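Now for the letters of each chain:
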Amino acid sequence: MAGNIEWQPSRTLTEFRLLPGLTTPATSIDSISLTTPLVRTANGGTVNLRAPILAAAMQAVSGSSMAIQLAKQGGAAMIFCSQSIESQAAMVDRIKSYKAGFVEPRTLSPGTTIREVEILRREAGFSTFPVIDSEGRLLGLITRRDYSSLAHGDLTVAERMIPRDQLDVGVDATDLERANALLINGHRAVLPIVDLEDRLLSLVFRKDIEDHLDNPDQIVDQDKRLIATAAVNTHDYRDRVPALVEAGVDILGIDSSDGFSSYQRDTIEWIRSQYPEIPVIGGNVITGAGFEYLADAGAGAIKVGMGGGSICITQEQKGTGRGLASAIIGVVAARDRYAARTGTYIPVIADGGIVNSKDVVIALALGADTVMMGRYFARMDESPTTKLQINGRTMKAYWGEGSARAREWSTARYRHAAFLEGVEGFVEYAGKLRDNLPQLLSKIKAAMASCGCASISELHDRAELELVSDLSIREGKVHDIWQFGGGERDSLSNWSV
Ligand code: IMP
């Protein structure tokens, strides 16, 4: 006989619905804050996100581009650790050295031909190139508007560029405010920045400045650099963590499908002893006992979920796992007991199988502080994969960290296992993060407004949820009509009415 048998079935997020509460001006969408703790810091404070969203530590999801763009919009991406220590540290370095608005340019020498510029432009996907001499000094700038590829193909860049003396240039303007002032007063869409010896440092584009000013939610450290979060494993952490710290990492997360282990405790304790200032996210766990164990080990946040990921076959292979809603409910109850007993609130991150805004808001209402998603972000431009055409549809590859493709890395989290825990597939391309995330966030806010909750902590305290039957789930979807947008007859003009 087993030690314990739970006869209540474990529940998924899909099985719950929120009941509306009283909406007032104080809980209108514009008054709602999505600020939420990501992880506790050593001094008892928290690192907060302004959007309760993390991108998963996966090869197909979180490289530096995802981390930069997500931090700019108030969230965070956890850089995957199934890669060499050097390449992961380089990704962290890229995030920390990212200066919003400042672009490290591709430069040309004055003798480059216009024909070569055209090839470069097509390869690079952008069309503004500064021209420098062999000492790196700025000679001019060439853009797509400065030449005709047909008429000028044999000419050199020097013959078509806008020369240095006709450019607006920022001398030693390394802070964005000064660069911005120069751009606003100047006449061009781009401002080259040079040092006192006229050597080119960077370019600042008017459109990027506008984008930067449009991102009041970005998550930065004390020096205004974007926050970098990176995953580590329980095998090579003694080598990996120092390299990541050297590169400037702010938060570490231990990437494990089953975090209720003494290996994980040892890893957390080692990091805490060597780098007490770096908060550590532990996980994944799905029980209150798992939470308590990692909390006692010193985790600053705990990730919850096993078996629910879109690419996950852990439940099929090992029979371990739990519906994400039940896992959150169990762990959040332990978190609240722990907080009452010790005075220490440890944020919970819900992870695996979160598909859309409805899932996010249910996870938050059940008590999660943030959510982590893989598939959702894998579909976007900022994920490290390239777009593919499959059967006329634009797709991106997505694979689990326990799939054959990811396990080529000896340090991957599934290294110990002789079998696969994840699969490889495709997801439909969804465009840029900034065209997707704001919609997701506004749907979360709309749900919170309906529930009469102006913050995530109010949602934790006041949300009312109900289990729904299969029939009501069906009723909650479109039914009994011919729907536009699905098949051949996807526009009213194709119908004779
Ligand atoms: P998704 O958002 O449903 O795609 O799930 C992403 C989450 O699945 C990640 O954050 C991991 O916790 C988990 N995961 C990643 N790779 C694997 C795998 O190969 N097997 C099982 N779970 C995985």
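Residues numbered from 1 in each chain as written. Predicted model: local features only at pLDDT ≥ 70, side-chain atom pairs only at ≥ 80, totals over all residues. Heavy atoms only, no water.

Engineer: Just give me the short version of the overall build of the chain, but keep the residues and values in it.
Structural biologist: Scanning the chain for helices and strands turns up 16 helices and 22 strands. Its C-alpha atoms give the chain a radius of gyration of 25 Å, within 12% of the compact-globule value 23 Å for 497 residues. Dimensions along the principal axes, computed over C-alpha positions, put the chain at roughly 85 × 70 × 50 Å. In the chain, which comprises 497 residues, the share counted as buried stands at 51%. (Helix = DSSP H or I, 4+ residues; strand = E, 2+ residues; numbered from the N terminus. Rg over C-alpha atoms; globule rule 2.2 N^0.38 Å. Buried < 20%, exposed > 50% of the residue type's maximum accessible area, 1.4 Å probe, protein only.)

Engineer: Break down the packing of aromatic side chains for me, citing the residues and quoting the values.
Structural biologist: This model, assessed by the stated rule, comprises 6 aromatic pairs. Between Phe126 and Phe129 the ring centres are 5.6 Å apart and the planes differ by 40°, which places this aromatic pair in the tilted class. Here the aromatic rings of Phe291 and Tyr338 are separated by 6.0 Å at their centres, their planes lie at 80°, and the arrangement is edge-to-face. Placement of the pair is Phe291 in helix H9 (residues 288-297) and Tyr338 in helix H11 (residues 324-342), with a sequence separation of 47 residues. Chaining the aromatic ring pairs together yields one cluster made of Tyr237, Trp270 and Tyr275. Its guanidinium or amino end placed over the ring of Trp399, Arg405 lies 3.6 Å from that ring's centre, counting from NZ or CZ. (Phe/Tyr/Trp six-rings, centres within 6.5 Å; stacked < 30°, edge-to-face > 60°. Lys NZ or Arg CZ within 6 Å of the ring centre and 35° of its normal.)

Engineer: Can you lay out the layout of surface pockets for me, pointing to particular residues and giving the numbers?
Structural biologist: In this approach a probe as big as a water molecule rolls over the atoms, and the regions it shows empty are the leftover space. A volume near 1,700 Å³ is recorded for the largest pocket. Lining the largest pocket we find 41 residues, and of these Val103, Phe126, Phe205, Lys207 and Asp208 sit closest to its centre. With 5 residues, the top contributor of residues to the lining of the largest pocket is helix H1 (residues 64-72). Across the lining of the largest pocket, the residue classes break down as 15 nonpolar, 11 polar and 15 charged. Counting contributing residues per domain, the lining of the largest pocket is built from domain 1 (13-99 + 226-475) and domain 2 (114-205), each supplying no fewer than three. (1 Å grid on protein atoms, 1.4 Å probe; cavity = no way out; pocket = protein on both sides within 12 Å on 5 of 7 lines; lining within 4 Å. Points joined across faces, edges and corners; volume = space filled by probe spheres on them. Nonpolar A, V, L, I, M, F, W, Y, C, P; charged D, E, K, R; others polar. Domains from an automatic or database assignment.)

Engineer: Can you lay out the pattern of salt bridges for me, pointing to particular residues and giving the numbers?
Structural biologist: A full pass over the atoms with the stated rule returns 24 salt bridges. Arg121 is paired through a salt bridge with Glu118; the nearest N and O atoms lie 2.8 Å apart. Of this pair, Arg121 and Glu118 both sit in helix H3 (residues 114-124), 3 residues apart, roughly one helical turn. Its salt-bridge partner being Arg240, residue Asp236 comes within 3.1 Å of it at the nearest N-O pair. Overall, the relative accessible area of 1% leaves Arg240 in the buried class. Each of Lys96, Asp221, Arg225 and Asp250 takes part in one network of salt bridges that share partners. (Salt bridge = Lys/Arg side-chain N within 4 Å of Asp/Glu carboxyl O.)

Engineer: An account of the environment of Lys445 is needed here, citing residue identities and associated values.
Structural biologist: Looking at the element boundaries, Lys445 is found in helix H14 (residues 433-450). Separated by 71 residues in sequence, Lys445 and Gly374 have C-alpha atoms that sit 22 Å apart. In this view, Lys445 contacts Ile29, Ile32 and Leu34; residues no more than four positions away in its chain are not counted. (Contact = heavy atoms within 4.5 Å.)

Engineer: Account for the site of the ligand, with residues named and values stated.
Structural biologist: Looking at the ligand, there are 24 residues lining it, with Ser310, Asp351, Tyr398, Gly402 and Glu421 nearest. A distance of 2.7 Å separates an oxygen atom of the ligand from a polar atom in the backbone of Gly374. Relative to its free-state accessible area of 500 Å², the ligand is covered by the protein chains to the extent of 96%. Taken together, the residues that form the shell around the ligand break down as 8 nonpolar, 11 polar and 5 charged. (Near = heavy atom within 4 Å. Polar contact = N/O pair within 3.5 Å; in protein donor to acceptor, adjacent residues only side chain to side chain. Areas by Shrake-Rupley, 256 points an atom, 1.4 Å probe, with all protein chains shown as cover.)

Engineer: Give a detailed account of unusual backbone geometry, specifying residues and quantitative values.
Structural biologist: A negative phi angle characterises most non-glycine residues, just as the trans form characterises most peptide bonds. A cis geometry characterises the amide bond from Gly283 onward to Asn284, with omega recorded as 0°. The residue Asn284 is located in strand E15 (residues 280-285) in this model. If you check the backbone angles, Asp198 has positive phi at about 70° while not being a glycine. As for its placement among the helices and strands, Asp198 is situated in the loop between strand E11 (190-194) and strand E12 (200-205). Located in the positive-phi region is Asn391, a residue other than glycine, with phi close to 50°. Relative to the assigned elements, Asn391 resides in the loop between strand E19 (387-390) and strand E20 (393-399).

Engineer: I'd like to hear about the pairing of strand E18 (residues 370-373), residue by residue, with values.
Structural biologist: Side-chain alternation along E18 places Thr370 and Met372 on one buried face and Val371 and Met373 on a second face that is also buried. For strand E4 (residues 53-55) and E18, the ladder comprises 3 bridges, and the chain directions are parallel. If you follow Leu54 over to E18, its bridge partner there is Met372. Of the pairings in the sheet, the one linking strand E17 (residues 348-351) to E18 comprises 3 bridges and is parallel in character. Bridging across to E18, Asp351 finds its partner in Met372. Each parallel crossover has a hand, and for E17 linked through helix H12 (residues 357-365) to E18 it is right-handed. (Pairing = 2+ DSSP bridges. Right-handed = clockwise from strand over helix to strand, strands pointing away.)

Engineer: Go over the sheet that holds strand E8 (residues 138-142), please, and point to the residues and values.
Structural biologist: Read across the sheet, 3 strands follow the order E7-E8-E9 without closing on themselves; strand pairing throughout is antiparallel. The two strands at the open ends of the sheet, each matched to only one other strand, are strand E7 (129-132) and strand E9 (162-163). Examined bridge by bridge, E8 and E9 share 2 bridges and lie antiparallel to one another. Bridge pairing in E9 links Gly140 to Pro163.

Engineer: Residues and numbers for the side chain of Gln73, please.
Structural biologist: With respect to the element layout, Gln73 can be found in the loop between H1 and strand E5 (76-79). Among the residues examined, Gln73 registers a relative accessible area of 13% and is labelled buried. Setting aside chain neighbours within four positions, we find Gln73 in contact with Ala51, Asn215, Asp217, Leu433, Arg434, Leu437 and Pro438.

Engineer: Got a sec to walk through the pairing of E8? Specific residues and values, please.
Structural biologist: Counting buried residues along E8, 4 of its 5 residues qualify, which places the element largely inside the surrounding structure. Pairing analysis gives 4 bridges linking E7 to E8, with the strands arranged antiparallel. Pairing of Val131 across the sheet is with Gly140, part of E8. The antiparallel pairing of E7 with E8 creates a hairpin that spans 5 residues between the two strands, and Gly136 there sits at a positive phi of about 85°.

Engineer: Before we move on, could you go through the domain arrangement of the chain and cite the residues and values that matter?
Structural biologist: Each assigned domain of the chain is listed here: domain 1 (13-99 + 226-475) and domain 2 (114-205). Once you take the C-alpha centre of each, domain 1 and domain 2 turn out to be 41 Å apart.

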